[in-house]
Amino acid sequence: MTTPPSGLSNIEARLERNETRLDGFGAALSNLAQGVTALGDKIDKRGQTPWGVIWSALGTAVGVLTVVGGLAYYPIKDGQADLKGALLLLQDRSDKRLEALAGSQVSRAEHEVHWRMQEREVDAVRARVGRVEDRLTTRIERLEAMRAPAGR
């Protein structure tokens, strides 16, 4: 094999260095292209609606509202149960009192029946007293008539 002239070996070394540089430059351009592509993807994603974040926030909000609603609802439910028990007890007491009153009270209709009977009895007594007065008056007049001629 023959050795190449010194100028030629110098050119080959320079060519190899330039090729190495070009390979590095190509890799740098490739990295730059990937970075631009990634940046473009980020810009594209920025314009999109982040549905994942929105659904996660809504799920969390529903959970918080459910807990707060439950904490507000249970005392009200317990209060309603206490109130219902008190009302049922009050209703039972009222029913017993009404039954006692109904047993001791006389209705107006029953009073009216008794009042009519008493009025009839009073009318009958007046009529009887009137007849007795008439008979007594007649007797007294007869007795006076019998006495009057004898006493003159």
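**Q** Would you mind going over the overall build of the protein chain with me for this structure?
**A** When its secondary structure is counted, the protein chain shows three helices and zero strands. Shown N-terminal to C-terminal, the secondary structure of the protein chain runs as helices and strands in the order α-α-α. Relative to the globule expectation of 15 Å for 152 residues, the C-alpha radius of gyration of the protein chain, 63 Å, shows a markedly less compact shape. Principal axes of the C-alpha set define a box for the protein chain whose edges measure 210 × 25 × 20 Å.

**Q** Help me understand a positive patch on the surface in this model?
**A** A cluster of basic side chains, namely Arg 128, Arg 131, Arg 135, Arg 139 and Arg 142, defines a positive patch on the protein surface. Inspection of the secondary structure puts Arg 128 in helix α3 (residues 108–151). On the basis of relative accessible area, Arg 128 is assigned to the exposed category, the value being 58%.

**Q** For this particular structure, what's the right way to read a nonpolar patch on the surface?
**A** Nonpolar side chains collect at one region of the surface, where Leu 22, Phe 25, Leu 29, Leu 32 and Val 36 lie side by side and expose about 520 Å² of accessible area between them. By secondary structure assignment, the location of Leu 22 is in helix α1 (residues 6–47). Leu 22 sits in the exposed class, given a relative accessible area of 57%.

**Q** How should I be thinking about the environment of Asp 82 in this particular structure?
**A** Within the fold, Asp 82 resides in helix α2 (residues 51–104). Expressed as a C-alpha distance, the spacing of Asp 82 and Ile 11, which sit 71 residues apart in the sequence, is 103 Å.

**Q** Just to check I follow, could you spell out the pattern of salt bridges for this structure?
**A** Between side chains of opposite charge, pairing is possible as soon as their charged atoms come close. Counted by the stated rule, this structure contains three salt bridges. Measuring nitrogen to oxygen at the nearest pair gives 3.4 Å for the salt bridge that ties Glu 112 to Arg 108. Of this pair, Glu 112 and Arg 108 both sit in helix α3, separated by four residues, roughly a single helical turn. Residue Glu 112 is classed as partly exposed on the basis of its relative accessible area, which comes to 28%. You can call Arg 108 exposed: its relative accessible area is 57%. Close ionic contact of Glu 112 with Arg 116 constitutes a salt bridge, the shortest N to O distance being 3.8 Å. With Glu 112 and Arg 116 both in helix α3 and four residues apart, this pair spans about one turn of that helix. Given the relative accessible area of 45%, Arg 116 is considered partly exposed. Three or more residues joined by partner-sharing salt bridges are found here, namely Arg 108, Glu 112 and Arg 116.

Criteria and thresholds
- Residues numbered from 1 in each chain as written.
- Predicted model: local features only at pLDDT ≥ 70, side-chain atom pairs only at ≥ 80, totals over all residues.
- Heavy atoms only, no water.
- Helix = DSSP H or I, 4+ residues; strand = E, 2+ residues; numbered from the N terminus.
- Rg over C-alpha atoms; globule rule 2.2 N^0.38 Å.
- Patch = residues over 30% accessible without salt bridge, like charges linked within 9 Å, V, L, I, M, F, W, Y side chains within 5 Å.
- Areas by Shrake-Rupley, 256 points an atom, 1.4 Å probe, with all protein chains shown as cover.
- Salt bridge = Lys/Arg side-chain N within 4 Å of Asp/Glu carboxyl O.
- Lys, Arg positive; Asp, Glu negative; His and termini not counted.
- Charge placed at Lys NZ, Arg CZ, Asp CG, Glu CD.
- Buried < 20%, exposed > 50% of the residue type's maximum accessible area, 1.4 Å probe, protein only.

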